[in-house]
Amino acid sequence: MFKDRWFPALMHASPTPPQSRIAEARRRAAGVKQTAVAAAAAGFIALILLARASHPGHHSASAGSSSASTPATSSEQQDDNGFELSPGTLGQSGGSGSGGAQTGVS
Amino acid sequence: MTAVWYAARAGGMLAYLLLSASVCFGLLMSGKASLKRWPKFALEDVHRFLGILAGAFVAIHGAALLLDSFVPFSLSQLLVPGMSSYRPLAVGFGVVAAELLAALAISNHYRRRIPHRVWRRLHMLNFAVWAFALIHGLTAGTDATTTWALALYVGSAWAVLTLFFYRVSLSWESMQTSERST
């Protein structure tokens, strides 16, 4: 039904070459439509792969992780770089002079 | 579930590209381009088919967004412009484009029952659909800043705008000719 509606020239194609220019144009249009469907399917898969590759949280198999972690977890793991960063350990210096950043101009 | 999120993004991008291709075929047809091997009815057939294919991928885009949990969307957020919590204006452009596309598809279905002049004016709204889809893709798309996405957007916009200005110049020329003859 779908094929008959959208690709009529392909459905009723005869083994002999088409007689008229109209039949030839119909056949060409049906060919372009079939190509468009195939290209759209291939393009969909290609775009999924591109979207996956450009996903901020995506990490390839070469990263060495065997578990299927969520994007946020994987970025945390990468950002930590092996250090234990627990909440509250980073903060403003208490003013003892040993740690705080100096912004003054001499 | 991230596969659904990738499918949503790919579906949206592909719908935009198919819409651009359909608009290009439409402009070629209306511009009376003299393509020896492509009579008008064949161009019109491909033009209509590409529009339907674009609509199918818009449906995939919407369905995937509804199923996705990465950026959750409710049905009302997908149907009512500005209801989305994620970039409401940018998503709103996409909602309006999709709904306008559906309305124009219905008007195409009843084309023979509508006066030709009215149908033709309605059909011009497809430019608005295309422009809204482009704005939506550039402002709401999470891939919009990537090189490949920008190349696709710029390439398709260049093709559509080139044919659009070619078509406008043809209309302008025919207007000038008819003014001179009267």
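First, a word on scope: everything that follows refers to the structure included in this document. (Residues numbered from 1 in each chain as written. Chains lettered and ligands numbered in written order. Predicted model: local features only at pLDDT ≥ 70, side-chain atom pairs only at ≥ 80, totals over all residues.)

## Points about the overall build of chain B
For step 1, the next point in the chain: Secondary structure summary: chain B contains six helices and zero strands in total.
For step 2, the next point in the chain: From first element to last, N terminus to C terminus, chain B shows the α and β order α-α-α-α-α-α.
For step 3, the next point in the chain: The dimensions of chain B, computed from C-alpha atoms along their principal axes, are 65 × 40 × 30 Å.
For step 4, the next point in the chain: Per-residue burial for chain B yields a buried fraction of 34% across its 182 residues.
For step 5, the next point in the chain: Residue pairs at least 24 apart in sequence account for 68% of intrachain contacts in chain B once pairs closer than 6 positions are excluded. (Helix = DSSP H or I, 4+ residues; strand = E, 2+ residues; numbered from the N terminus. Buried ≥ 20, exposed ≤ 12 C-beta atoms within 10 Å, placed from the backbone. Contact = placed C-beta atoms within 7 Å.)

## Brief notes about the overall build of chain A
For step 1, the next point in the chain: For chain A, the helix and strand inventory stands at four helices and zero strands.
For step 2, the next point in the chain: Its helices and strands taken in sequence order, chain A reads α-α-α-α from the N to the C terminus.
For step 3, the next point in the chain: When burial is assessed residue by residue, chain A has 10% of its 106 residues classed as buried.

## What to know about the interface of chain A and chain B
For step 1, the next point in the chain: Each partner contributes to the interface: chain A provides 17 residues, whereas chain B provides 19 residues.
For step 2, the next point in the chain: With 15 residues, the single largest contributor to the side of chain A that touches chain B is helix α3 (residues 21–53) of chain A.
For step 3, the next point in the chain: Classifying every residue of the side of chain A that touches chain B gives 11 nonpolar, two polar and four charged. (Nonpolar A, V, L, I, M, F, W, Y, C, P; charged D, E, K, R; others polar.)

## Considerations on the packing of helix α4 (residues 88–109) of chain B against helix α5 (residues 116–140) of chain B
Residues and elements named next belong to chain B.
For step 1, the next point in the chain: Taken N-terminus to C-terminus, the directions of α4 and α5 make an angle of 155 degrees; their axes are 8 Å apart at the nearest point. By the criterion of interaxial angle, the relationship of α4 to α5 is roughly antiparallel. Considering how the two elements wind past one another, α4 and α5 form a crossing that is left-handed.
For step 2, the next point in the chain: Considering only residue class, the contact of α4 with α5 consists of 17 nonpolar, six polar and no charged. (Axes fitted to C-alpha atoms, helices over the stretch in contact; angles between N-to-C directions. Parallel < 35°, antiparallel > 145°, perpendicular 65-115°, else oblique. Left-handed = near helix turned anticlockwise from the far one by under 90°.)

## Description of the nonpolar core
For step 1, the next point in the chain: Formed by 49 residues in total, the largest nonpolar core has its most connected members in B:Leu18 and B:Leu19.
For step 2, the next point in the chain: Where this core is concerned, the elements lending two or more residues are α3 of chain A together with α1 (2–30), α2 (40–67), α4, α5 and α6 (147–181) of chain B.
For step 3, the next point in the chain: Looking at this core element by element, the count peaks at 16 residues for α1(B).
For step 4, the next point in the chain: Those residues in contact with B:Leu19 that lie beyond four places of it in its chain are B:Ala54, B:Val129, B:Trp130 and B:Ala133. (Core = buried A, V, L, I, M, F, W, Y, C linked by C-beta atoms within 7 Å.)

## Section: unusual backbone geometry
All names here are of chain B.
For step 1, the next point in the chain: Of note in the backbone geometry, Arg87 takes a positive phi value of approximately 40 degrees without being a glycine.
For step 2, the next point in the chain: With respect to the helices, strands and loops of the structure, Arg87 is situated in the loop between α3 (75–79) and α4.
For step 3, the next point in the chain: Under the C-beta neighbour-count criterion, Arg87 is labelled partly exposed, with 15 such atoms within 10 Å.

## Quick look at the packing of α1(B) against α5(B)
All names here are of chain B.
For step 1, the next point in the chain: Relative orientation of the contacting elements α1 and α5 amounts to 150 degrees, with a least axis distance of 10 Å. For the element pair α1 / α5, the angle class is roughly antiparallel. Between α1 and α5 the crossing geometry is left-handed. Where α1 abuts α5, its residues Gly12, Met13, Tyr16, Leu19, Ser20 and Val23 lie against Asn126, Val129, Trp130, Ala133, Leu134 and Gly137.

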